Each structure stands twice: as C-alpha cells, then as structure tokens.
Amino acid sequence: GMSKAVFLIATYGEGEPTDNSASFVMDLKTRAGTAVLPEEEKKEESDFPVEQSLEGLEYCVFGLGNRQYEHFNAMGKFFDS
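Residues numbered from 1 in each chain as written. Predicted model: local features only at pLDDT ≥ 70, side-chain atom pairs only at ≥ 80, totals over all residues. Heavy atoms only, no water.

**Q** How do you make sense of the sheet that holds strand β1 (residues 4-12) when you look at a structure like this?
**A** Strand pairing in a sheet is mediated by backbone hydrogen bonds. Such pairs are either parallel or antiparallel. Across the sheet, which stays open at both edges, the three strands sit in the order β2-β1-β3 with mixed pairing between neighbours. Taken across any chain shown, the strands that pair with only one partner, and hence form the sheet edges, are β2 (16-17) and β3 (58-64). (Pairing = 2+ DSSP bridges. Helix = DSSP H or I, 4+ residues; strand = E, 2+ residues; numbered from the N terminus.)

Here it is as structure tokens:
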C-alpha cells in the first residue's frame, strides 16, 4: 500500500528548524534543490532522489509555532510544500 507519515514540526527562532530536525530539513532542501550549500557539498548527491523517495507519500503535518513570531510556523509550511 501507500506509505504514510505524520510530521510533528516545531519552528525555532526566526523560522529555523529545531536542532534535532536541522539535518533532516537540510536533506529535504538539498533534494528539492532549494538549499544554499558550499560548492563542495553541492557535488554530493542523495542516495534517494526526492522524486522517488517521496512520490506517492500520504502525509499530514502538525506544525508548532508562536503567532508572535514573524516567521510563524515556517517549518510546518515548508514540510507541507
């Protein structure tokens, strides 16, 4: 059947991922081609292209944040995009 995932995501500071999710977020951004990386890291390719690894994934996102911040729930919005 279809793969399913639930993402419980908090936003920290000015729209950044929390420390324990930073590497996962960077991997997703790299696969999507939206990460800003030093040249030497751009040459490395992921073992699982995002088109293959997330294709058909059924998911939901539960974003945690504080409306007082300018970048409210930025990580939840990123995971849903």
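**Q** Would you mind going over the layout of surface pockets with me for this structure?
**A** Empty space among the atoms becomes apparent when a probe as large as a water molecule is rolled across them. Computed from the structure, the largest pocket encloses a volume of approximately 320 Å³. When the residues that make up the lining of the largest pocket are grouped by side-chain class, the tally is 10 nonpolar, one polar and one charged. (1 Å grid on protein atoms, 1.4 Å probe; cavity = no way out; pocket = protein on both sides within 12 Å on 5 of 7 lines; lining within 4 Å. Points joined across faces, edges and corners; volume = space filled by probe spheres on them. Nonpolar A, V, L, I, M, F, W, Y, C, P; charged D, E, K, R; others polar.)

**Q** Before we go on, may I ask you to explain the nonpolar core in this structure?
**A** Soluble globular proteins tend to pack their nonpolar side chains together in the buried interior. Grouped together as the largest cluster of nonpolar side chains are seven residues: F7, I9, V25, L28, M75, F78 and F79. When residues of this core are traced back to their parent elements, those giving at least two are β1, α1 (22-32) and α4 (74-80). Among all residues touching F79, those that are not within four sequence positions of it are F7, I9, F24, V25, L28, Y59 and V61. (Core = buried A, V, L, I, M, F, W, Y, C linked by side-chain atoms within 4.5 Å. Buried < 20%, exposed > 50% of the residue type's maximum accessible area, 1.4 Å probe, protein only. Contact = heavy atoms within 4.5 Å.)

The analysis is restricted to geometry; functional conclusions fall outside its scope.
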